Amino acid sequence: MNTAELGRLFKHVPAAFAAFVGGLFWTWLCGYTLSHANLPQPKPIWGCRIEDCSAWWLGPLILAYYLFPAVVFAVSGCLAAARMWPVRKTTVVFALLVAATVSFYVYSFIG
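The sections below set out a description of the structure shown in this document.

Thresholds applied
Residues numbered from 1 in each chain as written. Predicted model: local features only at pLDDT ≥ 70, side-chain atom pairs only at ≥ 80, totals over all residues. Heavy atoms only, no water. Helix = DSSP H or I, 4+ residues; strand = E, 2+ residues; numbered from the N terminus. Expected span 1.5 Å × (residues − 1). Patch = residues over 30% accessible without salt bridge, like charges linked within 9 Å, V, L, I, M, F, W, Y side chains within 5 Å. Areas by Shrake-Rupley, 256 points an atom, 1.4 Å probe, with all protein chains shown as cover. Salt bridge = Lys/Arg side-chain N within 4 Å of Asp/Glu carboxyl O. Phe/Tyr/Trp six-rings, centres within 6.5 Å; stacked < 30°, edge-to-face > 60°. Buried < 20%, exposed > 50% of the residue type's maximum accessible area, 1.4 Å probe, protein only.

Attention shifts here to helix α2 (residues 58-82). Here α2 spans 35 Å end to end across 25 residues, near enough to the 36 Å set by a 1.5 Å rise per residue. One or two steps after α2, the chain reaches methionine 84, where phi turns positive at roughly 50°.

If you want it as structure tokens, here you go:
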């Protein structure tokens, strides 16, 4: 790996990390807001609460459920840096990602 490729890599990593942290923030904000909102409680998916019947695969599934939006934000941040998107396009893409993240958690909480 030569110096130019290494320099390009170090431009993408901070953008991807910042977007990942932003995705984690939106995930936390959605979870916090929905847990404190006066909404009907979600129905158990498998007929029992997570404390009563947890399988070995439930832990990784929940982790993936909470990390999925953050990973999508990170990939988008890396693409925005790599392709040098204009500010307007980056803003639109991240606004759509925020709306999708909120919709994903609201739908899964209520539905």
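Together, Leu24, Leu63, Leu67, Val71, Val75 and Leu79 make up a nonpolar patch on the protein surface, roughly 450 Å² of accessible area in all. No other element matches the five residues that α2 contributes to the nonpolar patch. Tracing the sequence through the fold places valine 75 in helix α2.

Moving on, we come to the packing of aromatic side chains. Tallying each qualifying case throughout the model produces 10 aromatic pairs. Seen in terms of ring centroids, phenylalanine 25 and tryptophan 26 are 5.8 Å apart; in terms of plane orientation they differ by 70°. Their pairing is edge-to-face. Its relative accessible area of 27% is what places tryptophan 26 among the partly exposed residues. For the ring pair phenylalanine 73 and phenylalanine 94, a centre distance of 5.8 Å and an interplane angle of 40° mean the geometry is tilted. A residue pair is termed long-range when its members are at least 10 positions apart, and phenylalanine 73 in helix α2 and phenylalanine 94 in helix α3 (residues 87-110) qualify at 21 residues. Three or more aromatic residues link up through ring pairs in this structure, and these residues are Tyr65, Tyr66, Phe68, Phe104 and Tyr105.

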